[in-house]
Amino acid sequence: MNPHEAAGTPATLTTGDGTALQACVFESAGALRGPVLIAGGLGIHQRFYAPFASWLATRGFRVMTFDLRGMGLSRPPERKASLRGVDADMLTWARQDFAAAVRALSDHSDGRPIGLVGHSLGLHHAGMTDAATQARIRVAVSVAAGSGYWRDWAAPSRRKAPLMLHLAGPLLTPLFGYFPGRRLGMVGDLPGPAARQWMRWCRHPGFAWGAQPDLVLASLQSARFPIHAFSFTDDDAMTEACTRKLLAAMPHATAQVHVVSPAEVGMQTIGHVGAFRAAAQPRLWPRMELALD
């Protein structure tokens, strides 16, 4: 093993509604600086974050990654061919699955509040979960997260959005019983309820808090953890404007925005997911680590 990596240990979490989720814990070899949860982006499995989690563990953190129900290692064997019948929407993920991961990591760390690294959708979960879970979050590092209204997206994603949000999604989700994004090269497979809700939000100028204010506004307004938000100038999906719109929806969570170009951290590209690739380790990962303190 690379001396700058720490091995992860598989773990199983149980949500409040009894669903088993698969997670991985990366332990610090030295004194524990604190627990950190990595909440991934839409359709991205926890294994993608393992190198960053391993690196954080060598820096003194206990780190947990996890897969939402229906996704990655939490996808039941009988659902490998199809997610038809998986009853999970965006708020199930936030208020059951994300909440279970926060609770498990905090409890495993003697009740200490956690640091959160929320990639894209992962930061939304912190804003849309319950107040008791939010109270366990010490600080959140937002990475490439923002309001999902499609007309605010960066050009590469904005050009493809009508095909996904107005044609493929509405037609194929009821036909298959889930969104077959993997075979289309769009986001990845999503449970039907999650796909329908997310696409509804993305079509609304006010995103989730405009499309379903009765379901999400109270949670967004109860968030009181500080946020360090990283926005990348070459993100092919989330613009700085998207990031600022999301932060504005959480008025009681004090936020600082860090706008980063690839050149200033010695990278050719960062995009929407590059912050977690190995090329980011020398200069970008230390910035994200500093934001966790």
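Just so it is clear, the model here is predicted, and its values are computed rather than measured.

*Asks:* I'd like a description of the pairing of strand β3 (residues 34-39), backed by residues and values.
*Replies:* Counted residue by residue, β3 has six buried out of six residues, so it is predominantly covered. Side chains G34, V36 and I38 project from β3 onto one buried face, and the interleaved P35, L37 and A39 project onto a second face that is buried too. Summarising the sheet, β3 and strand β4 (residues 61-66) pair through five bridges and their orientation is parallel. By the bridge assignment for β4, L37 is matched with M64. With helix α1 (residues 50-58) bridging β3 and its parallel neighbour β4, the resulting β-α-β unit is right-handed. One ladder, built from four bridges, connects β3 with strand β5 (residues 114-119); its direction is parallel. Its bridge partner being in β5, V36 is matched across the sheet by G115.

*Asks:* Go over unusual backbone geometry with me, naming the residues and quoting the values.
*Replies:* The backbone phi angle of D110 is positive, close to 60 degrees, even though this residue is not glycine. Tracing the sequence through the fold places D110 in the loop between α2 (90-108) and β5. A residue is classified by how much of its surface remains accessible, and D110, at 77% relative accessible area, is exposed. With phi around 50 degrees, F207 is a residue other than glycine that occupies positive phi space. Considering the arrangement of structural elements, one finds F207 in helix α8 (residues 207-211). Among the residues examined, F207 registers a relative accessible area of 4% and is labelled buried.

*Asks:* How would you sum up the packing of α2 against helix α7 (residues 192-202)? Please name residues and give values.
*Replies:* For the pair α2 and α7, interaxial distance at closest approach is 7 Å and the crossing angle is 110 degrees. One element, α2, and the other, α7, form an angle in the roughly perpendicular class. Each of M90, L91 and W93 in α2 lies in contact with α7, whose residues at this interface are A194, Q197, W198 and W201. Broken down by class, the residue content of the contact of α2 with α7 amounts to six nonpolar, one polar and no charged.

*Asks:* So what about the pattern of salt bridges? Which residues, and what values?
*Replies:* The tally for this structure, following the rule as stated, stands at twelve salt bridges. A salt bridge links E289 to R33; the shortest N-O distance between them is 2.7 Å. In this pair, E289 sits in helix α11 (residues 284-291) while R33 sits in the loop between β2 (20-26) and β3, placing the two residues 256 residues apart along the sequence. With its nearest N and O atoms 3.3 Å apart, the salt bridge here joins D189 to R75. Of this pair, D189 sits in strand β8 (residues 189-191) while R75 sits in the loop between β4 and α2, and the two are 114 residues apart along the sequence.

*Asks:* Now, about the nonpolar core: what can you tell me, with residues and values included?
*Replies:* In terms of nonpolar packing, the biggest core is built from 65 residues, with L37 and W93 touching the most fellow members. Counting 30 residues, the second-largest nonpolar core is a separate cluster that includes C24, A144, V260 and A275.

*Asks:* Go over the sheet that holds strand β6 (residues 137-143) with me, naming the residues and quoting the values.
*Replies:* Two pairing modes exist for strands in a sheet, parallel and antiparallel, and in both the strands are linked by backbone hydrogen bonds. With mixed pairing, the eight strands of this open sheet are ordered in space as β1-β2-β4-β3-β5-β6-β9-β10. Here the strands that pair on one side only, and so sit at the sheet edges, are β1 (8-14) and β10 (255-260). For this sheet the average axis-to-axis angle between neighbouring strands, irrespective of direction, equals 20 degrees. Here β2 runs beside β4; their pairing, made up of four bridges, is antiparallel. Along β4, the bridge assignment pairs C24 with T65.

Conventions we followed
Residues numbered from 1 in each chain as written. Predicted model: local features only at pLDDT ≥ 70, side-chain atom pairs only at ≥ 80, totals over all residues. Heavy atoms only, no water. Buried < 20%, exposed > 50% of the residue type's maximum accessible area, 1.4 Å probe, protein only. Helix = DSSP H or I, 4+ residues; strand = E, 2+ residues; numbered from the N terminus. Pairing = 2+ DSSP bridges. Right-handed = clockwise from strand over helix to strand, strands pointing away. Axes fitted to C-alpha atoms, helices over the stretch in contact; angles between N-to-C directions. Parallel < 35°, antiparallel > 145°, perpendicular 65-115°, else oblique. Contact = heavy atoms within 4.5 Å. Nonpolar A, V, L, I, M, F, W, Y, C, P; charged D, E, K, R; others polar. Salt bridge = Lys/Arg side-chain N within 4 Å of Asp/Glu carboxyl O. Core = buried A, V, L, I, M, F, W, Y, C linked by side-chain atoms within 4.5 Å.

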